Amino acid sequence: AAQNKSAQRRVKRTQRTQVFTGMRTLVLSCALLLCIPLADCWSSVDPRTTHAFLHRVPPLLPLPSRYHTSAQLRRQRQETLPENRPCGMPVPTRDRFERRVSRTCCAAVAAADGGKEGVMSEAPEDNEVLGHRWLLLRHGQTNYNAEGIVQGSSDTSRLSAEGVEQARQLGTFLATLQIDQVYVSPLARAQQTLQQAEKVAGQQFGAGKAQVIKDLREVDLHEWEGLYKEQIKQLWPDIYSQWRGDRPRDFRLESGKYPIRELWSRAVGVWQQILEAAAAEQGPQPLLGKKSSLLTGHNGINQALLASALGLSEESFRKFEFPNCGVAEVVWNPGEERARMWRWLYPTRTAWKTVDETRAELMHASNMDCDTKMEASSPVPSPCAN
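Report follows, based on the coordinates. Keep in mind that what you see is a predicted model, and the values were worked out from it rather than measured. Throughout this description, residue numbers start from 1 for each chain and increase along the sequence as written. Predicted model: local features are reported for residues with pLDDT of at least 70 only, side-chain atom pairs are reported and counted for 80 or more only, and whole-chain, interface and lining totals are derived from all residues. Calculated side-chain values reflect all of the structure's heavy atoms, with hydrogen atoms and water omitted.

## What to know about the pattern of salt bridges
Under the convention used in this document: We count a salt bridge whenever a side-chain nitrogen from Lys or Arg sits within 4 Å of a carboxyl oxygen from Asp or Glu. Residue burial is assigned from relative accessible area. The probe radius is 1.4 Å, only protein chains are included, and a residue is buried under 20% of its type maximum, exposed over 50%, and partly exposed in between. Strands are runs of DSSP state E lasting at least two residues, helices are runs of H or I lasting at least four, and both sets are numbered from the N terminus onward.
Applying the stated criterion across every chain yields a total of 15 salt bridges. Of the charged contacts in the structure, one is a salt bridge between Asp220 and Arg217, with a shortest N-O distance of 3.1 Å. Judged by its relative accessible area of 15%, Arg217 falls in the buried class. Note that Arg343 and Glu329 form a salt bridge whose closest N and O atoms lie 2.8 Å from each other. Pair noted here: Arg343 is in strand β6 (residues 341-346) and Glu329 is in strand β5 (residues 327-331), with a separation of 14 residues, a long-range link. Given the relative accessible area of 1%, Arg343 is considered buried. What makes Glu329 buried here is its relative accessible area of 3%. One connected set of salt bridges, linked through shared partners, spans Asp215, Arg217, Asp220, Glu262 and Arg266.

Dropping the structure here:
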């Protein structure tokens, strides 16, 4: 009887082994049949597209510890807007990619939260936007800035004590960024700002010494340079009103110069020069990751650089005022017609904005200004009039 039971167990064990072996063979055969067409499809996929997709997938872990409703997120973004942001700085909005990433993260959070509806998570602060990033930096405050003296492209002003402190704080921030190449204006105030920032960072930004580009200097204001603004108002009241007016392209000095037109022409030339250098360094292969270049300049030339990168004309002058040591970030790959997107990076970081979004915001702001002027020019009826 014992021998019979032992034999029965051996038979059952053999049968189970045969069943498992058959199932394993069946699974492997099915997997092989599925992998053959998938391999053919995968071989036809452009590896650059695959690489870019993997970089754009938002990190789902670790999940945020706090969830917010969409109304709370909007309120938080409004509260974090700088109260004294530069004149003309557009109100930050989310672009389509960031909204898509936000919805993806929200779905992941909802799934982790047991499928609850109505939970939202904050989108990543800095999404993986691939491409060549150009950091446009304005110098720190100078003694001429503090005293109300017009600098233009003159090279007599120097950083004030506050300007040095601004540059040092900027250096702490720039030390956290990837900077592969540095370009700088020939004027001393821009080079001082870069030196102070590198001193605090404890390193030299970029792969080598900063390259000086003559056309990165500030707007040429010729006979105005070195004069107090109040003096200019008294000597050339009509021309100064034109300088502060809403038609910057037509601004003309008494000497016959058109400073804003010349400034835009220089900005286009600078972009052509540095984009060609980036293309030559990059080679024929497209940029798959990220690369950053720092341009240390001035308020006027930085406005022209940013606007021309977005395909905007001289009429957008004063729409992108840079504060001292302010930084804007532009994504523009060599070989492309214009920049893809941009944002304010320092001292206040905003969301990425596309060219179309920026144009729409500027158009809306222009319409609002026109309405305000019309209301101001129209007579206001007296409440006592019959």
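## Quick word on the sheet that holds β6
For the record, the criterion: Criterion used throughout: strands pair if DSSP finds at least two bridges between them. Contacts are assigned to residue pairs with any non-hydrogen atoms lying within 4.5 Å of each other. Lines fitted to the C-alpha atoms define the axes, with helices restricted to the stretch that makes contact. Angles between their N-to-C directions range from 0 to 180 degrees.
Spatially, seven strands are ordered β3-β2-β4-β1-β5-β6-β7 in an open sheet, and the strand pairing comes out mixed. Of all the strands in the sheet, just β3 (211-212) and β7 (353-354) have a single pairing partner and so form its edges. Examined bridge by bridge, strand β2 (residues 181-184) and β3 share two bridges and lie parallel to one another. Within the sheet, the bridge partner assigned to Val184 lies in β3 and is Val212. Of the strands in this sheet, β1 (131-138), β4 (290-297), β5 and β6 touch helix α6 (residues 161-174), which is tilted by about 125 degrees from β6.

## Focus: the pairing of β1
By the criterion of burial, β1 is predominantly enclosed, with eight of the eight residues buried. As defined by bridge partners, β1 adjoins β4 across eight bridges and the pair is classed as parallel. Across the sheet, the residue bridging to Trp134 is Ser293, located in β4. Bridge count between β1 and β5: five bridges; the pairing is antiparallel. Residue pairing for β5: Trp134 is matched across the bridge by Val330.

## Things to note about the nonpolar core
What counts here: Throughout, nonpolar core names a set of buried Ala, Val, Leu, Ile, Met, Phe, Trp, Tyr and Cys residues whose side chains join them through atoms within 4.5 Å.
In terms of nonpolar packing, the biggest core is built from 45 residues, with Trp134, Trp224, Leu295, Leu305, Leu306, Phe320 and Val330 touching the most fellow members. Only β1, α9 (237-243), α10 (259-282), α11 (299-309), β5, β6 and α12 (355-377) provide two or more residues apiece to this core. By residue number, the principal contributor to this core is α10, which donates nine residues. Setting aside residues no more than four positions away along its own chain, Trp224 makes contact with Val150, Ile232, Trp236, Ile239, Tyr240, Trp243, Phe251 and Leu253. Core analysis: the next-biggest nonpolar cluster, separate from the first, contains 19 residues, Leu135, Ala190, Ala201 and Phe205 among them.

## Structural notes on the packing of aromatic side chains
We apply this condition: Pairing of aromatic side chains here covers Phe, Tyr and the six-membered ring of Trp, requires ring centres within 6.5 Å, and sorts the geometry by plane angle: under 30 degrees stacked, over 60 edge-to-face, intermediate tilted. Remark: a charge is flagged as sitting over a ring if the NZ atom of Lys or the CZ atom of Arg is within 6 Å of the ring centre and within 35 degrees of the ring normal.
Taken as a whole, this structure holds 13 aromatic pairs when the rule is applied. Here Phe173 and Tyr346 contribute two aromatic rings whose centre-to-centre distance is 4.9 Å and whose plane-to-plane angle is 25 degrees, an arrangement assigned as stacked. One end of the pair, Phe173, is in helix α6; the other, Tyr346, is in strand β6, and 173 residues separate them in sequence. Neither Phe173 nor Tyr346 differs from the other in exposure class; each is buried. Ring geometry for Phe320 versus Trp342: centroids 5.5 Å apart, planes at 85 degrees, classification edge-to-face. Separated by 22 residues along the polypeptide, Phe320 in the loop between α11 and β5 and Trp342 in strand β6 bring together distant segments of the chain. Its relative accessible area of 0% is what places Phe320 among the buried residues. Judged by relative accessible area, Trp342 falls into the buried class, the value being 0%. One aromatic cluster is present, formed by Trp224, Trp236, Tyr240, Trp243, Phe251, Trp264 and Phe317 through successive ring pairs. We note Arg261 situated over the ring of Tyr258; from NZ or CZ to the ring centre the distance is 4.1 Å. Looking at Arg318, its charged tip hangs above the ring of Trp243, at a distance of 4.5 Å from the centre.

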